[in-house]
Each structure stands twice: as structure tokens, then as C-alpha cells.
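What follows is the residue order along each chain.
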Amino acid sequence: MKTDNRGAGLKDKIHFKKNQDLHLTIEDFTREGEGLGKYHAFPFFVKDTVIGDVVAVTVTKVKKNYGYARLKEVLVPSPDRVDPPCPVARQCGGCKIQQLAYDRQLEYKFDLVKSCLERIGGFAGADRLMEPIYGMEDPWHYRNKAQFPVGRDRQGRLVAGFYAGRTHTIVANRDCLIQAPVNREILDLVLMHMEKYKIEPYHETGHTGLVRHILTRVGYHTGQIMVCLVLNGKADSFAGIKKLARDLAGIEGMTSLVVNSNMERTNRILGPACQTVWGQDYIEDYIGEVKYQIGPLSFFQVNPRQTEVLYGKALEYADLSGHETVWDLYCGIGTISLFLAGRARKVYGVEIVEAAVEDARRNAAVNGFENVEFFAGKAEEVVPAHFEKTGDHPDVIVVDPPRKGCDSRLLETMLAMAPEKIVYVSCDPGTLARDLKILCFKDYELKKVTVVDQFAHSCHVETVVRLDRRSLP
Ligand code: SAH
């Protein structure tokens, strides 16, 4: 987070107090989607605001060089402000920037990538290499996976919804606007059933009660639906579960009812064991031509429409003719690997989570790909060991690391492996820029950058980049 030291010392002169009311003009926007306004030179972060708003706020916390404040009233709305269509957008911890017009959200994400590439990566004029951002035509109802915590409200009524930001207070909402509309029907049926059979939701404080979360997955192309009840117990502790299965089976597309048992005192949503109560153990969906089986524990990209765009770009940047050897590092369940396999001679995938590697192997078999091989382990260990042993130089390396970016040992090995092209898919423009600086120090040239909006109304940014090996002088 960027803070402004010009505020230093000012606090001593102006004694800000908690609950004090101030007027601010919002002039900047943080990576977490908070607006930033200064009182004289002292910066305050204010959730739910956008650049250009003039706002009345209440001070909630004061640190040495900056503070936090809560929005009380928008006095003069910014031209970029819209009324969030979701009635609980402010309370819910999900969408952080619904109040910012969608085209401005896209500009913000494009500018964020540009500024990271310039500031952190040292790529001056990076926007010349950037394609226009791929936003969504209809940025609603895009998610294929939802996890609703279940509890009771102050009046003791059963509720399902989402956690408020930074807390475990449930904001009741069965009509989330970024989720599939069918979730409403599913939640109504499960909660009605819980009322009728007097089934208690889970209570975190006492570690009592049964139903922790209701997880749903909906196949974008297939319409197949999985409902997974996350219980503090086994399937047989959920009274009348067969009846619930019959009721849910009336919903078009219903394919699978699963119970996941999570009996630990933990913030993790899912426990290790699953039991299928009705239907299949998984749903199926497609990305492009490739079919994937998705179980309750599988990692799968949450925005299928935009994932096709993202992987399409990765494939375009890999520029394969059918003869290449490709490594797909941080491959998850092999989604990108299989997307590339139809156009390459051989694809190797590396992923740290064993269960994901099993999914990847199964998905390769489901699609009849015999030219893919998956390794379970850390990319920064598997790849150097393989290279030391074989000395093989692949044609293309694709990486899609988590937010912390690539391990430096892996980056060194990639440079030694010297592929013609590197395709870097990133969910964090800061670490992307840091890693690109290392790769482009000598051997590679940044050729193309595309930002794809996978997470409308949140601050997350997904980027795909093509690097070409510089030709020797
Ligand atoms: N490419 C996949 C998944 C990307 S998410 C897809 O598009 O679906 C990043 C993946 O990196 C996760 O599956 C995570 O488990 C994995 N991962 C994290 N650290 C790793 C490491 N050191 N080595 C290999 N994989 C790792």
C-alpha cells in the first residue's frame, strides 16, 4: 500500500479523534479498492468511495502517518460513481468496487498493470505493448462457484449469504448478482429443509451446530449443478437428506449432491473428506473444446467466459505449430496444459497440490490426450532437477503462479532452459512486473501484454504476457 509521508507529524498538530467527522475529496484509489482523501496533508483511506467523490466521513482509526474513515455521506458524487445494483454491496466483503462504473473499473485495472510494469518492471511506455483490456459485455452472474456461510441473524432467523469484509458476520443474501441466479432456488430449498427438520447452522464460537457452508458449482456450458453441504459432521447427521436430494433434483441441471465433512475449528471452508449423497461425484464443463471434470475440492477458474478469453490469449502468445515441447508451470488441474496440448508435441505440467495433479491426469485421459505428463511438486524443485538430468530445452514455458509470483530459483532455471517464448499468466501485476524485470534483464524482450477482467467489481486483475527470446547479435 502506498502511503504518503507528507502526513507525518501533522497528526501532532491536528489532533484527529476516533468518531470525528471530516469532509474529504477522494483523489486516489488503492489496490484494495479503497478511496484515499487527504485532510490537509494527512491521508485517510475510505472504503466505498471513488476518485472525485466529495464525502463526509467519520474517523475510525488514526495511525502515525495515515488513518481510516467510514463513509457517512456522498456530498458531491464523482462522475465515475454509479449506484451499486446490489442492495448489500457496502456491507458484503465480496464486491469492493461496484460503486465504480464498469468502464472505469476496466480503466483502473489497465492503468494498474501499466503503472506496475513502468514503476516496478522499468518498462517505460509499457502501454504501447498493451492490447485494450478485455472486459465483460455483461459483468454480472459470471461466477460458477459460490460458498455461502449459513447462520442465524439477530432475530434468530436462518440466513445464508456472504461474510462482511474482514469479519465473519453473515450478510444475508440469496440473490448475489455475480453468481448464477439458480443459487436462489438452491438456498431456498436447503434453508426451508433446515427449518422443517430443525437442523442447526454451525456456530463458530461454541463449535456446535451442523451446517457450515452451502457450496454450489454450476457448469457454464453444460448447466450441470453440484450442491455441496459443508457439515460439522457426516452426511447421516443431516436429517432427511434423501428428501432434500429429491427436492433439489427437481432443479434443472442438478447433477450432484455431496456432503463435505469439516469438523475442525478452522477458517478453512472445506474439510478433506467428501461423500456423494445423490448423483455424480463431479460436474463437467468445457473451456473451449476441452472437457473438465470438477469435483467439490477441485480448483477451477471461477469466471468461465473470461477464462476462455485468457487461455485463448495464452494459446495465441504461445504461437504453437504442433512440434513444440511446452512446460506449463503452476498448472493446477491442467487447464492451460490441456488447452495447449492439442497444438503441441508434448506438454509437461507441474503443480504442488497432489489432488490437483490427479484431476489433471484424469482430465487428460477424459479428453484422450496422450502427449501430456504431470509432475507433483514445487516448480522451483521439479524443473531444475529435470533440467539438470536431461538438459532439454523446451520451446515454450507457460507460468501461472499464485500472487507471490515465481520463485527466483525457477526464474534462473527458465533463463537457463532458454525457450523461444515465455507466456506469463499473472494474478498480481506487482509480482509480474518484478519477475519480468529479471527475465528481460538480458535474454528476453517484453512483446505483448493483455489484461483480462476475470473478476468484475473486485480489485483482482489478471494479465497475460508474451516474452520472446532476443536473437543473438
Ligand atoms: N494454471 C492453473 C492454476 C493457476 S493458480 C489454472 O489456470 O487453473 C496457481 C497454482 O499454483 C495453484 O494450483 C497452486 O496450487 C500452485 N502452486 C503454488 N505454489 C506452487 C509451487 N511452488 N510449485 C508449483 N505449483 C504451485
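Look up a bit, the structure's there.
## Here's the deal with the site of the ligand
Around the ligand, the structure places 17 residues, and the nearest of them are Q301, Y311, T335, E351 and A379. Residue E351 places a side-chain N or O atom 2.7 Å away from an oxygen atom belonging to the ligand. Take A379: an N or O atom from its main chain is 2.9 Å from a nitrogen atom of the ligand. If the ligand stood free it would expose 570 Å²; the protein chains cover 86% of that surface. Elements supplying a minimum of two residues to the shell around the ligand: α6 (335-341) and α8 (379-390). Partitioning the shell around the ligand into residue classes produces nine nonpolar, four polar and four charged.

## Side note on the packing of aromatic side chains
One pass over the structure, following the stated rule, counts 14 aromatic pairs. Ring centres of Y311 and F339 lie 5.6 Å apart, and the angle between their planes is 65°; this geometry places the pair in the edge-to-face category. Pair noted here: Y311 is in helix α5 (residues 304-318) and F339 is in helix α6, with a separation of 28 residues, a long-range link. For Y311, a relative accessible area of 2% gives the class buried.

## Quick word on the sheet that holds strand β16 (residues 346-351)
Read across the open sheet, the seven strands follow the order β17-β16-β15-β18-β19-β21-β20; overall the sheet is mixed. With partners counted over all chains shown, the strands left at the sheet margins are β17 (372-376) and β20 (444-452), one partner each. Each strand of the sheet is rotated relative to its neighbour by a mean of 15°, with strand direction disregarded. Strand direction decides the pairing type here: β20 and strand β21 (residues 462-469), joined by eight bridges, are antiparallel. Within the sheet, the bridge partner assigned to Y444 lies in β21 and is R469. Where helix α9 (residues 408-417) meets the sheet, its contacts fall on β15 (325-329), β18 (396-399), β19 (421-426) and β20, and the angle it forms with β18 comes to roughly 160°.

## So, α8
Counted at 1.5 Å a residue, the expected span for α8 with its twelve residues is 16 Å, and the 16 Å between its end C-alpha atoms agrees. Residue G391 follows α8 closely and has a positive phi angle near 65°.

## Thoughts on the packing of α9 against helix α10 (residues 429-439)
Between α9 and α10, whose axes approach to 10 Å, the crossing angle comes to 40°. It follows from the interaxial angle that α9 and α10 lie oblique. Handedness of the α9/α10 crossing: right-handed. Here α9 contributes L411, M414 and L415 to the contact with α10, which in turn contributes D435, I438 and L439. Broken down by class, the residue content of the contact of α9 with α10 amounts to five nonpolar, no polar and one charged.

What counts, and where the lines are drawn
- Residues numbered from 1 in each chain as written.
- Predicted model: local features only at pLDDT ≥ 70, side-chain atom pairs only at ≥ 80, totals over all residues.
- Heavy atoms only, no water.
- Near = heavy atom within 4 Å.
- Polar contact = N/O pair within 3.5 Å; in protein donor to acceptor, adjacent residues only side chain to side chain.
- Areas by Shrake-Rupley, 256 points an atom, 1.4 Å probe, with all protein chains shown as cover.
- Helix = DSSP H or I, 4+ residues; strand = E, 2+ residues; numbered from the N terminus.
- Nonpolar A, V, L, I, M, F, W, Y, C, P; charged D, E, K, R; others polar.
- Phe/Tyr/Trp six-rings, centres within 6.5 Å; stacked < 30°, edge-to-face > 60°.
- Buried < 20%, exposed > 50% of the residue type's maximum accessible area, 1.4 Å probe, protein only.
- Pairing = 2+ DSSP bridges.
- Axes fitted to C-alpha atoms, helices over the stretch in contact; angles between N-to-C directions.
- Contact = heavy atoms within 4.5 Å.
- Expected span 1.5 Å × (residues − 1).
- Parallel < 35°, antiparallel > 145°, perpendicular 65-115°, else oblique.
- Left-handed = near helix turned anticlockwise from the far one by under 90°.

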